[in-house]
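Descriptive structure summary
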Amino acid sequence: MELERSIDISRRQSKEHMCRITDLQDEVRHREHHISDLDQEVQHLHENINALTKELEFKGKEILRIRSDSNQQMRLHEQDLNKRLEKELDVMTADHLREKNIMRADFNKTNELLKEVNAALQVSLEEMEEKYLMRESKPEDIQMIAELKAMLTERDQVIKKLMEDNKFYQLELVNRETNFNKVFNSSPTVGVINPLMKQKKKNDKSPTNRFVSVPNLSALESGGVGNGHPNRLDPIPNSPVHDIEFNSSKPLPQPVPPKEPKTFLRYH
């Protein structure tokens, strides 16, 4: 019974083991199948990687080609632009030179024209100056010149009359002084006091002359101004000195100033 019991136990265990083995085998097959799937997937991924690598290399080559093409196109475009700019610059330089020459020619023509106009104006100015210098006098200018000449003539007459009056008064003054000297003394001693003369000593009783004589009016008398000469001036009319008989005890009257002062014409 123990043997049978043990055999049963062993059988059950073997069954369990077999079930377990079967499960493990199933699991192994499942794992193998999964592994095969993973291998296929890995292989597929490797293929994709290779394809992508090839495509990447192709894209890189294409990018390099495109870059080289773009660089070449840019160089060609830059060359075209430079050539175009050079042409435009040459055209603009030619236009500028042409306009400059045209402006210079216009300036020279204008300058020549201005010189001609200036010469014509100069000639016209000279003619106008000559006409102005040779112009006829205006009536008002002639009238003004006549008035100025008349005024100058009148002023010359006034000046001449004043000079004659001055000479007359000077001669009358000499005549009066001569008459006065003749009334009081025929040969008066005329002199001036000399304060620089040294005083004589007190014990010197000899008379001293304190005056220094100067020339008298004898030259004037000999020249025709003295008394009794036929060329002697007549006395001033209405003069109190000549109308009234001279009195030695009465002083000479003071000269009366003129009531109306002399006026001189002045042109404004």
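Residues numbered from 1 in each chain as written. Predicted model: local features only at pLDDT ≥ 70, side-chain atom pairs only at ≥ 80, totals over all residues. Heavy atoms only, no water.

An unreviewed UniProt entry lists the protein under the name Family with sequence similarity 184 member A, with Moschus moschiferus given as the organism.

With respect to the overall build of the protein
Inclusion rule: What counts as a helix is a DSSP run of H or I of at least four residues, what counts as a strand is a run of E of at least two, and both are numbered from the N terminus. To sort residues, take the accessible area from a 1.4 Å probe on protein chains only and compare it with the maximum for the residue type: under 20% means buried, over 50% means exposed, and anything in between is partly exposed. Here a residue-residue contact requires only that any non-hydrogen atoms of the pair lie within 4.5 Å. Using a 1.4 Å probe, the Shrake-Rupley method yields the accessible areas, and only the shown protein chains count as cover for residues.
For the protein, the count of helices and strands is four helices and two strands. Starting at the N terminus and ending at the C terminus, the protein contains elements arranged as α-α-β-β-α-α. For the protein, the residues scored as buried account for 4% of the 268 residues in total. Within the protein, contacts between residues separated by at least 24 positions form 62% of all contacts whose residues are at least 6 apart in sequence. Total accessible area on the protein is roughly 25500 Å²; 58% of this is exposed by carbon and sulfur atoms.

Digging into the pattern of salt bridges
Side chains that differ in charge, positive against negative, can pair when their charged atoms come close. Heads up, the condition is: Salt bridges are identified by distance alone: a Lys or Arg side-chain nitrogen within 4 Å of an Asp or Glu carboxyl oxygen.
Tallied over the full model, the rule gives six salt bridges. Among the salt bridges present, the one from Arg176 reaches Glu172, with a minimum N-O distance of 3.5 Å. Taken together, the residues span about one helical turn, with Arg176 and Glu172 both in helix 2 (residues 139-184) at a distance of four residues. Judged by relative accessible area, Glu172 falls into the buried class, the value being 2%.

Topic: helix 2
Here is the rule: Take the residue count of a helix, subtract one, and multiply by 1.5 Å to get its expected span.
The end-to-end C-alpha distance of helix 2 is 67 Å, a good match for the 68 Å that 46 residues give at a rise of 1.5 Å each. Listing the buried residues of helix 2 in full gives Asp165, Glu172, Val174, Asn175 and Thr178.

A closer look at the confidence of the model for the protein
Filter applied, for reference: Summary of the metric used: pLDDT quantifies the predictor's per-residue confidence within the range 0 to 100.
Taken residue by residue, the protein gives an average pLDDT of 77. The fraction at 70 or more is 69%. Within the protein, strand 2 (residues 211-213) has the poorest average pLDDT of any element, 41, and helix 1 (residues 2-133) the best, 91. Note that pLDDT drops below 50 for residues 200-233; the model gives that stretch 41 contacts with residues more than four away or on any other chain. The model gives residues 260-268 a pLDDT under 50, and that stretch makes twelve contacts with residues more than four places away or in other chains.

Quick look at a negative patch on the surface
Here is the rule we go by: For patches, a residue must show more than 30% relative accessible area and have no salt bridge; joins then use 9 Å for like charges and 5 Å for nonpolar side chains, namely Val, Leu, Ile, Met, Phe, Trp and Tyr. Charged residues are defined here as Lys and Arg on the positive side and Asp and Glu on the negative side; His and the ends of the chain fall outside this count. We put the charge of a Lys on NZ, of an Arg on CZ, of an Asp on CG and of a Glu on CD.
Together, Glu126, Glu127, Glu129 and Glu130 make up a negatively charged patch on the protein surface. Locating Glu130 in the fold gives a position in helix 1. Given the relative accessible area of 52%, Glu130 is considered exposed.

Quick look at the UniProt feature "coiled-coil region" (unreviewed entry) in the protein
Where we set the bar: UniProt positions are given in the numbering used here, feature names are shortened, and annotations may be inferred rather than shown by experiment.
Cross-referencing UniProt, the feature "coiled-coil region" (unreviewed entry) maps to residues 35-62 in the present numbering. Between the C-alpha atoms that bound residues 35-62 there is a distance of 39 Å. The span itself is 100% helix and 0% strand.

Some remarks on the side chain of Thr178
Under the convention used in this document: Pairing of N or O atoms within 3.5 Å defines a polar contact, subject to two protein rules: one partner must be a possible hydrogen donor and the other a possible acceptor, and residues neighboring in sequence count only if both atoms are side-chain atoms.
Looking at where Thr178 falls in the secondary structure, it is placed in helix 2. Of the polar contacts made by the side chain of Thr178, one reaches the backbone oxygen of Val174; its length is 2.7 Å.

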